[in-house]
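Each chain is listed here by its residues.
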Amino acid sequence: MLSKLLTPKAQKMESSLVRELLHYSQQPDILSLAGGLPDEKYMPSYPAIEALEVSQQYGPSEGEGRLRHQIAEIVKERGVAVEDNQVLVTNGSQQALDLVSRIVLDENSIILTEQPTYLAAIQVFELQGAQIKDVRSDEFGLVPDALRRAIEEYQPKAVYLIPNFQNPAGHCYSKRRRVEIAALLDEKGVLLIEDDPYFDLCYEDVDRTPITHYLETAPWVYMGSFSKVLWPGMRTGYVVSCEALVPYLVKIKQAADLHTNRLGQLMISEYLVSGAYPEHIKKLRRVYAQKRDAMARAIDVNLSGLVSYSLPAGGMFFWVKLPSGVFSDRVLRQALERKVLVLPGLPFFANASELSDGYLRLSFARVSEEDVSNAISILADVIKEIMDE
Ligand code: PMP
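Residues numbered from 1 in each chain as written. Predicted model: local features only at pLDDT ≥ 70, side-chain atom pairs only at ≥ 80, totals over all residues.

Section: the nonpolar core
Thinking step 1. Judged by nonpolar contacts, the single largest core of 113 residues is most densely connected at L192, V239 and V342.
Thinking step 2. Ignoring anything within four residues of it in the chain, the contact list for L192 reads V159, L161, L185, I211, T212, L215, A218 and W220. (Core = buried A, V, L, I, M, F, W, Y, C linked by C-beta atoms within 7 Å. Buried ≥ 20, exposed ≤ 12 C-beta atoms within 10 Å, placed from the backbone. Contact = placed C-beta atoms within 7 Å.)

Comments concerning the pairing of strand β11 (residues 317–321)
Thinking step 1. Burial of β11 is extensive: four of the five residues sit out of reach of the surface.
Thinking step 2. Where β11 lies against strand β14 (residues 359–363), five bridges are found, and the strand directions are antiparallel. Bridging from a neighbouring strand, K321 pairs with Y359 of β14. (Helix = DSSP H or I, 4+ residues; strand = E, 2+ residues; numbered from the N terminus. Pairing = 2+ DSSP bridges.)

Considerations on the sheet that holds strand β9 (residues 220–225)
Paired through backbone hydrogen bonds, the strands of a sheet run either parallel or antiparallel to each other.
Thinking step 1. Spatially, seven strands are ordered β2-β10-β9-β8-β7-β3-β4 in an open sheet, and the strand pairing comes out mixed. Only two strands of the sheet have a single partner each, and these edge strands are β2 (87–91) and β4 (131–135). When strand polarity is set aside, the average angle formed by the axes of neighbouring strands in this sheet is 20°.
Thinking step 2. Across the face of the sheet, helix α10 (residues 246–257) comes into contact with β2 and β10 (236–241) while running at roughly 25° to β2. (Axes fitted to C-alpha atoms, helices over the stretch in contact; angles between N-to-C directions.)

Some details on the sheet that holds β14
Thinking step 1. Strand order across the open sheet formed by three strands is β11-β14-β13, with antiparallel pairing between neighbours. Each edge of the sheet is formed by a strand with only one pairing partner; in this case those strands are β11 and β13 (343–344).
Thinking step 2. Examined bridge by bridge, β13 and β14 share two bridges and lie antiparallel to one another. When the bridges of β14 are listed, P344 appears paired with L360.

A look at the UniProt feature "domain: Aminotransferase class I/classII large" (unreviewed entry) in the chain
Thinking step 1. Mapped onto the present numbering, the UniProt feature "domain: Aminotransferase class I/classII large" (unreviewed entry) falls on residues 54–377.
Thinking step 2. Measuring from the first to the last C-alpha atom of residues 54–377 gives 51 Å, for a span that is 42% helix and 17% strand. (UniProt positions renumbered as here; feature names shortened; annotations may be inferred.)

Put into structure tokens, the structure is as follows:
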């Protein structure tokens, strides 16, 4: 029956591994390094809102006027020059990804991504029927020569990049790469889809200027989110875009859900008005940097010589390369038996090869120092056991 009812695309849809594993991480006896969840201990309490009734009525598809202005100011400060009318408030940046994909991708499209890339972006692009080609990336991000070759070979519609503290690999592009990639996209006229939810979670003095800043002629969209720095449950993110794309994004937003929840938009806007945001970010950076360092110490103490990683300059993730012959799925299952939840790297590869199966993504944002030390010590036992077999 279902094969007649469901579209071929719906039949082929795969569930996101992260969303499934989230069920385990909610069990109280599980030590989870799996989700990209911020630590609720450091979420500010909701601001008091006087004219709460405003949010009872339908609102504009583009988003609340004051919040759109605040977002325009935020992205301008990062180096992306926009007017308020280029801002679309979305239901998390995940919806921004979906809306952008719906207006540019179909079965005849190719999109280029980093290798590895954000797995829920893979899910969205595949749902449009687009073909994904991942481009060689290293600890500084996507390699420009490889990008040039891929653009020439595949004639892609778009390139999807997460230049700051990437999910999952944690990389942060050097300034040189940012400039080179922007020049290449201008030369070839390829759309840049830049995803930047981790911009504020920065623990080192690194350049974070969006690649969009350096573009002169290529079309672009730049997405951000309040999920990692305020309240992910509010599902409030945004996409800003070059003028030409604005009306299309608004129309697809109208069709998708009329507009983003007004209560969430009001909360975020009011919090930004309160002036508490800069101090809040400073505090988040301090506590997350400590958590990151605790995870690095635990890996160095328990797994030195066995795994490798580069210390992420921001964000929430360590991307850990396992010893050869140790596969991530096996580690996931055996660690889970001992109540430690980790995320295998494999689903983050759009075009998986044998080499893709040797990574874990470990998140340090929501675990205490004590728990991270216990979890990594158990993980080390599991890896050593698998190696000894
Ligand atoms: N992009 C990236 C790279 C992410 O890591 C995430 C969250 N895991 C998102 C987009 C979506 O975030 P949200 O919808 O909560 O804004």
